[in-house]
Structures are given as C-alpha cells and as structure tokens.
Amino acid sequence: MVRIVVALGGNALLRRGEPVSAATQRNNIRHAAKALAQLMVEGHQLVITHGNGPQVGLLALQGEAAGKSAFPLDVLGAETEGMIGYVLQQELDNAYTEPAQFATLLTQVEVDPKDPAFGSPSKPVGPIYSEDEAKLQAGQRGWSVARDGNAWRRVVPSPRPVRILEIEVIRLLVAQGVTVICTGGGGIPVAQRSDGAYVGVEAVIDKDHASGLLATELNADAFLMLTDVSAVFTDWGTPAQRALNDVTPEELAALDFEAGSMGPKVRAACDFVNRTGGLAGIGALADASAILAGKAGTRVRPAPQSDAVDPG
C-alpha cells in the first residue's frame, strides 16, 4: 500500500471566473472526489488536504457587507476547513463504494510570530479584480493587493508552517485506516505566546507548504499537488513554454517560478523530496493516477546515486 498526501489546489475546487456558490463548489468537489476514489480503488492510502483562498476571501467580504466586525483570518480558516471538509467527506463517501471510514479534522498549524512574511503580504485570497478595482478596494478597506496572473487580488501574510499541533491525532487515525481530510487551507494559523498558550494569528498559511510538512511527518511515500494545470512549465504563458516531466530538486532550484502560484508548489515539492526521498508530483486532478504511474504531470525525485566505485 502506498501512502499518499494529496493536496487539492483551490483552482481544482473553484475555477477562475466561476461563482463562489455552494452548488458550484459541490459540483467541483464531486469531480475531485471521483478522482480521489479511483486512487483508493487502486489500493492507495490517502490523506487529503485542500486550498481555501476563494472561500476565506468571500466569508470576509460577507462579514463586512453585513455590517458586522470582520472575523479574523484564523477563524475564517477554521470555518472554511469545516465547510470544504464536510462536502469533500460526503462526496468521497458517495464516490467510494467499498466500506471505508472518512474523517475531517480541524487542524491548527503553528507559525513563528516573527516570520518576516507578516511584513510582506503575498498570499492571494478572495475574488479577482481589475487593477483599478483592486486599488479602489485596497484604499477603502485597508487591504494589500497584488497581481495574480492576469488579474488582481487581495494578499495577506503567509508565514511558513512550523508544526502541526494535531499530528499525533492524525497519525492515530491513519494507523486505523481512516481516510483523513486535514490541514485544509494550510491549517488554522496559530502562534505560541510566552506563557505557552496558543492564539490565532491574522494570516493564511500556504496549503502546499503545510501539506508537504504533513507528508513528511506521516512518512508518506508520495506527495501530490493537484491543480488546474497539467504540469510545471518553464517560460509559462510564452511561445517557448515547456512542460517539465521527470526532474530533480536541484534542477528545479535553478529555475524561477511565480511566487503567488507555481513557486510555492515547486518549493514544497523540493522540500518533501529532499527530506524523505519520496516522490512529489504536480499536475491536473484528472491525471492523479497517471502522475503516480509516471505518465503525466511533473514528477520530482532525488537525483540517481552514482554506481561508480571510487578507485582511491
């Protein structure tokens, strides 16, 4: 049995330009659940994470529109973790016809309150805007905004994950054969005070970095980041773009990728492979099985060890 941590990208659950409605999200999650169920049919043990950027931004806007004090990002992260996890768990139960146990776990992830990311917001959340609309929103709401592909979005601090507080609970569930949905949206960001107590912080942890940490802590054989693109590309968006198939962390480290989109996935893949020697895959949700079979996506593995004998 191969243990796989599967990270569902936000764009795999809600495509750009689609309405952030319950019906749209459930339809997309239903398709995702069918792809994940196929991996289970093939005999793999899954631990599932997911993005939440559009949902966090929407809940924040809804709170402000209702004339209420906006809930902090850690609370919104917990809300979306439960909301997405509920639908995903239900659709997995519907898609997988064999006896199985599924559980969604709210997951706190510790960050360093002195992380420099708090001074440099970079994580896109919420809906897309034109440049003029984004700057207007920034002025009215006190947001930081930045370009995200061809559009503009609100950006918030994204500190690196340090520790998954519920990791022992996750290990217990996995050991009992439970398919766990956890660390959604990168987990609920918390920091430890000087008195030892934990408190939520105003941030959104990158889902891919948190998922890579989870995969490492669970000693996973593979770490898949599934999104709405078929692979990692060099020179993305230009006539010279080229898909990367089998690569090493060293080869990826020599290339540049956009910080707000593919960059975190590439770094998370390299970190996982360097820590564990396992397989990291990046590609389309529909290609999950083919990525594992070496027939699709970008597959990151350690560089082969030389068999040469040192004559000295």
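To be clear, the structure that these remarks concern was listed above.
Along each chain, residue indices are assigned from 1 in the same order as the chain's sequence is written. Local features are withheld for residues below a pLDDT of 70 in this predicted model, meaning they are given only at 70 or higher, and side-chain atom pairs are given and counted only at 80 or more; totals for whole chains, interfaces and linings count all residues. Calculated side-chain values reflect all of the structure's heavy atoms, with hydrogen atoms and water omitted.

Chemist: Explain the packing of helix α7 (residues 207–217) against helix α9 (residues 262–276) to me, and be specific about the residues and the numbers.
Modeler: Only the stretch in contact is used when a helix axis is fitted, and all axes are lines through C-alpha atoms; the angle between N-to-C directions ranges over 0 to 180 degrees. Under the DSSP-based scheme used, a helix requires at least four consecutive residues in state H or I and a strand at least two consecutive residues in state E, with every element numbered from the N terminus. For the pair α7 and α9, the least separation of the axes is 8 Å and the interaxial angle reads 15 degrees. As summarised for this structure, α7 and α9 are arranged roughly parallel, according to the angle between their axes. α9 is crossed by α7, and the crossing has right-handed handedness. Facing Lys-207, Asp-208, His-209, Gly-212, Leu-213, Ala-215 and Thr-216 of α7, the residues of α9 in contact are Pro-264, Lys-265, Arg-267, Ala-268, Asp-271, Phe-272, Arg-275 and Thr-276. Angles below 35 degrees are treated as roughly parallel, those above 145 as roughly antiparallel, those between 65 and 115 as roughly perpendicular, and all remaining angles as oblique. Working rule for handedness: look at the near helix, and if it is turned counterclockwise from the far one by less than a right angle, call the crossing left-handed; if clockwise, right-handed. Contacts are residue-level and defined by heavy atoms, with any inter-residue pair within 4.5 Å sufficient.

Chemist: Describe the pairing of strand β4 (residues 108–111), and please don't skip the residues or the numbers.
Modeler: By the convention used here, strands pair only if DSSP detects at least 2 bridges between them. Note that β4 and strand β10 (residues 188–192) share 3 bridges and pair parallel. When the bridges of β10 are listed, Val-109 appears paired with Pro-189. Two strands pair when backbone bridges link them, and β4 and strand β8 (residues 161–164) are joined in this way by 3 bridges, in the antiparallel orientation. Within the sheet, the bridge partner assigned to Val-111 lies in β8 and is Pro-161.

Chemist: Talk me through the environment of Val-232; I want residue IDs and the actual numbers.
Modeler: Among the secondary structure elements, Val-232 is positioned in strand β13 (residues 232–234). In this structure, the C-alpha to C-alpha distance between Val-232 and Asn-245, residues 13 residues apart in sequence, is 8.0 Å. If we ignore the near neighbours within four places in the chain, the residues touching Val-232 are Arg-242, Ala-243, Leu-244, Phe-257, Met-262, Val-266, Ile-282 and Thr-298.

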